[in-house]
Amino acid sequence: EAEVAQSPRYKITEKSQAVAFWCDPISGHATLYWYRQILGQGPELLVQFQDESVVDDSQLPKDRFSAERLKGVDSTLKIQPAELGDSAMYLCASSFAGTSGSYEQYFGPGTRLTVT
Amino acid sequence: GESVGLHLPTLSVQEGDNSIINCAYSNSASDYFIWYKQESGKGPQFIIDIRSNMDKRQGQRVTVLLNKTVKHLSLQIAATQPGDSAVYFCAERKAGNTGKLIFGQGTTLQVKP
């Protein structure tokens, strides 16, 4: 069964350092999402891509976070500089069609970020 | 702001019993709802979904009920098993939205052997 791949699975970094996460969605999925999940809470959308275009980044802290999906396939989420409050699970999800049809999103295993 | 909430943070049930996990949503314009299961250290896993033009949908051992009058969603798990132990999230999508899901806080289901 096809899965969303994410790496690394765990990342420990010092505050003020840069960190990057990678996601490879399920093949053929045009829509890709990045979520942040704080322990004990539900995921919160950071950014949504339709192919290579950003369709929603209203909750992305743009002063330190950036995301790209240059070829409309895999994606990278970057934080620079990292802050203590960024410690969380970063989840990537993909879906076949984000604007019509099925809305089911398939999640990857996530990257657990700890900022010290 | 708008949010999807769950009534109980933790639900403890005996193995073999039926479980009911509840969710109250606030946006009457939402047209799609979905339940996810999240095991420790893993990403959320799709369980079942339902559109707003339906009241009930059944899957394998799971049933989702939607009451739009009181904006209430529930997940019923039949014959609960130890493997069902996890955190369960409901999520909603607003009609006309780009597909963005808004998640609730989660209910932890503990299954006692």
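Located above this text is the structure these notes cover.
Starting afresh in each chain, residues are numbered from 1 along the sequence in its written order. Note on labels: chains are lettered from A, ligands numbered from 1, in written order. Where totals are concerned, whole chains, interfaces and linings use all residues; where local detail is concerned, this predicted model gives features only for residues with pLDDT of at least 70, and gives and counts side-chain atom pairs only at 80 or more. Computation of side-chain values covers all heavy atoms of the structure but excludes hydrogens and water.

Draft legend 1. Geometry of the sheet that holds strand 8 (residues 75-79) of chain A. Residue and element names in this part refer to chain A. Whether two strands pair depends on DSSP finding at least two bridges between them. Helix and strand definitions follow DSSP, with helices as H or I runs of at least four residues and strands as E runs of at least two, each counted in order from the N terminus. Across the sheet, which stays open at both edges, the four strands sit in the order 1-3-8-7 with antiparallel pairing between neighbours. Only two strands of the sheet have a single neighbouring strand rather than two, namely strand 1 (5-7) and strand 7 (65-68). On average, each strand axis in the sheet is inclined to that of its neighbour by 15°, with strand direction left out of account. Where strand 7 meets strand 8, four bridges bridge the pair, whose relative direction is antiparallel. When the bridges of strand 8 are listed, Ala67 appears paired with Leu77. Interaxial angle, 0 to 180 degrees, is taken between N-to-C directions of lines fitted to C-alpha atoms, where a helix line uses only the stretch in contact.

Draft legend 2. Here's a closer look at the state of the cysteines. Pairs of cysteine sulfur atoms within 2.5 Å are identified as disulfides in what follows. In this structure the tally under the stated criterion is two disulfides over all chains. Residue Cys23(A) pairs covalently with Cys92(A) via a disulfide, S to S 1.9 Å. Of note, the bridge from Cys23(A) to Cys92(A) carries an S-S torsion of about -70° and is left-handed in sense. Of the two residues, Cys23(A) sits in strand 3 (residues 19-24) while Cys92(A) sits in strand 9 (residues 88-95), which places them 69 residues apart along the sequence. Here Cys23(B) engages in a disulfide with Cys90(B); their sulfurs sit 1.9 Å apart. Every disulfide takes its handedness from the sign of the S-S torsion; for Cys23(B) and Cys90(B) that torsion is 55°, giving right-handed. Note that Cys23(B) is positioned in strand 3 (residues 19-25) and Cys90(B) in strand 9 (residues 86-94), a separation of 67 residues in sequence.

Draft legend 3. Quick peek at the pattern of salt bridges. All names here are of chain A. Think of a salt bridge as a Lys or Arg side-chain nitrogen and an Asp or Glu carboxyl oxygen that are within 4 Å of each other. Counting across every chain of the model gives eight salt bridges over all chains. For Asp57, the salt bridge is made with Lys62, and the minimal N-O distance between the two is 3.8 Å. Residues participating in the shared-partner salt-bridge network are Arg64, Glu83 and Asp86.

Draft legend 4. Geometry of the environment of Val70(B). Looking at where Val70(B) falls in the secondary structure, it is placed in the loop between strand 7 (62-67) and strand 8 (72-77). Distance in space between the C-alpha atoms of Val70(B) and Ala24(B) is 8.2 Å, their sequence separation being 46 residues.

Draft legend 5. Fine view of unusual backbone geometry. Looking along the chain, the bond that leaves Ser7(A) and enters Pro8(A) is cis, with omega of -5°. Considering the arrangement of structural elements, one finds Pro8(A) in the loop between strand 1 and strand 2 (10-13). With omega at -5°, the peptide bond leading from Gln80(A) into Pro81(A) counts as cis. Residue position: Pro81(A) is located in the loop between strand 8 and strand 9. Phi at Ser16(A) takes a positive value of approximately 80°, unusual for a residue other than glycine. By the secondary structure assignment, Ser16(A) is in the loop between strand 2 and strand 3. With a phi close to 50°, Ala79(B) is a non-glycine residue in the positive phi region.

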